[in-house]
Amino acid sequence: MPKRALPQISKTAGREAIERIVLRRREVRDPDLASLESRDLFEHPLAAIQHVLNCRRVPEWVTSIDVLDALWVLAHVRLHHPHRPDEAERLEHELLELGRAMQIAMIRMAPPLNLRTRQAVEHRLLRHRASRLGLGRSERMERAHRLSKTQPQSTSAEALWYDRHALALWEAAAQLVASRSRADHLIDDEMAECLHGLRRVVREMQWPLSPSHYSVLREIGWWVQEIVESLEEPRYAAFREHLGELHVTAATLAAGYHRVRFGDA
């Protein structure tokens, strides 16, 4: 299965990003800099990122620029020190959250993540948030979690739709999950994460249907919608063709679910 593409950054460029952080901090007399300079940052580059996140007794403009350099350091770590993926994911999330708090334009944080648009960076951030909430790495699940706090848990229209379509939705979801075993070479990590999340909730569903199962159906609906929307991207053209009629069925059910759940025309 193809891995998420990493930005190509040389070891030299990674070291230069570390040096820029240190020099910038030295110029503004960072009171915490001694602890950073005591480390061999070329052997332990994550220390530079942790310093940016944790030591902020410097002007805000310094922190803002440091966040961008720290993201390049993280790209360097991923490419040349790939033995700590979990730590890298955590630091990426914290850097993105800090960048947002510092009002850094999303598009400026895109290159070190090997992304091209502001929306892609925002989606990455929301996926991190969803993962922290135990919802799976999906920006749609993060939005659903926030909406669930302000919207009614169920409506008569929603219940009626489930009575008519819950089984079809569940069956289509189960088929999407099963499709991975026959087409793993056609998807990447992001689609694999969606299918993994969908598999989890498909297994949680119990029958016969009752209102106590609506929360599981909502999550199934969100995952199916996430997958259907992602399938429109050119990178999934072969996978979409492999799914054939299942893609059409899933798209129809996802659209119906969204209409009844959120009242879209």
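Because the structure is predicted, anything quoted here is derived from the model rather than measured.

Considerations on the overall build of the protein
- Helices and strands together make up the secondary structure of the protein, namely 12 helices and zero strands.
- Relative to its 265 residues, the protein shows a buried fraction of 48%.
- The contacts in the protein between residues at least 6 apart in sequence include a share of 68% that link residues at least 24 apart.

Section: helix H10 (residues 214–230)
- The end-to-end C-alpha separation of H10 is 24 Å, in line with the 24 Å expected for 17 residues at 1.5 Å each.
- In terms of burial, H10 is a largely internal element, 15 of the 17 residues being buried.

Observations regarding the packing of helix H9 (residues 189–204) against H10
- As a packed pair, H9 and H10 sit with axes 9 Å apart at the nearest point and diverge in direction by 155°. Judged by the angle between their axes, H9 and H10 are roughly antiparallel. Once H9 is placed against H10, the crossing between them reads as left-handed. Touching Met 191, Glu 193, Cys 194, Leu 195, Gly 197, Leu 198, Arg 200, Val 201, Val 202 and Glu 204 of H9 are Val 216, Glu 219, Ile 220, Trp 223, Val 224, Glu 226, Ile 227 and Ser 230, all from H10.

Some points on the environment of Glu 37
- In this fold, Glu 37 is placed in helix H2 (residues 33–37).
- Owing to a relative accessible area of 39%, Glu 37 belongs among the partly exposed residues under this scheme.
- Sequence separation of Glu 37 and Val 22 is 15 residues, and the distance between their C-alpha atoms is 7.8 Å.
- Excluding anything up to four places from it in sequence, Glu 37 contacts Val 22 and Arg 26.
- A polar atom in the side chain of Glu 37 sits 2.5 Å from the side chain of Arg 26.

Details of helix H1 (residues 11–27)
- For H1, built from 17 residues, the straight-helix expectation of 24 Å at 1.5 Å per residue is met to within 8% by its first-to-last C-alpha distance of 24 Å.
- Among the residues of H1, Gly 14, Ala 17, Ile 18, Ile 21, Val 22, Arg 24 and Arg 25 are the ones counted as buried. One face of H1 carries all of its buried residues, which in axial projection span an arc of 165°. Projecting away from the buried face of H1 at angles above 90 degrees are the exposed residues Thr 12 and Glu 27.
- Just downstream of H1, Arg 29 is the residue with a positive phi angle, here 60°.

Conventions used here
Residues numbered from 1 in each chain as written. Predicted model: local features only at pLDDT ≥ 70, side-chain atom pairs only at ≥ 80, totals over all residues. Heavy atoms only, no water. Helix = DSSP H or I, 4+ residues; strand = E, 2+ residues; numbered from the N terminus. Buried < 20%, exposed > 50% of the residue type's maximum accessible area, 1.4 Å probe, protein only. Contact = heavy atoms within 4.5 Å. Expected span 1.5 Å × (residues − 1). Axes fitted to C-alpha atoms, helices over the stretch in contact; angles between N-to-C directions. Parallel < 35°, antiparallel > 145°, perpendicular 65-115°, else oblique. Left-handed = near helix turned anticlockwise from the far one by under 90°. Polar contact = N/O pair within 3.5 Å; in protein donor to acceptor, adjacent residues only side chain to side chain. Arc of directions from axis to C-beta.

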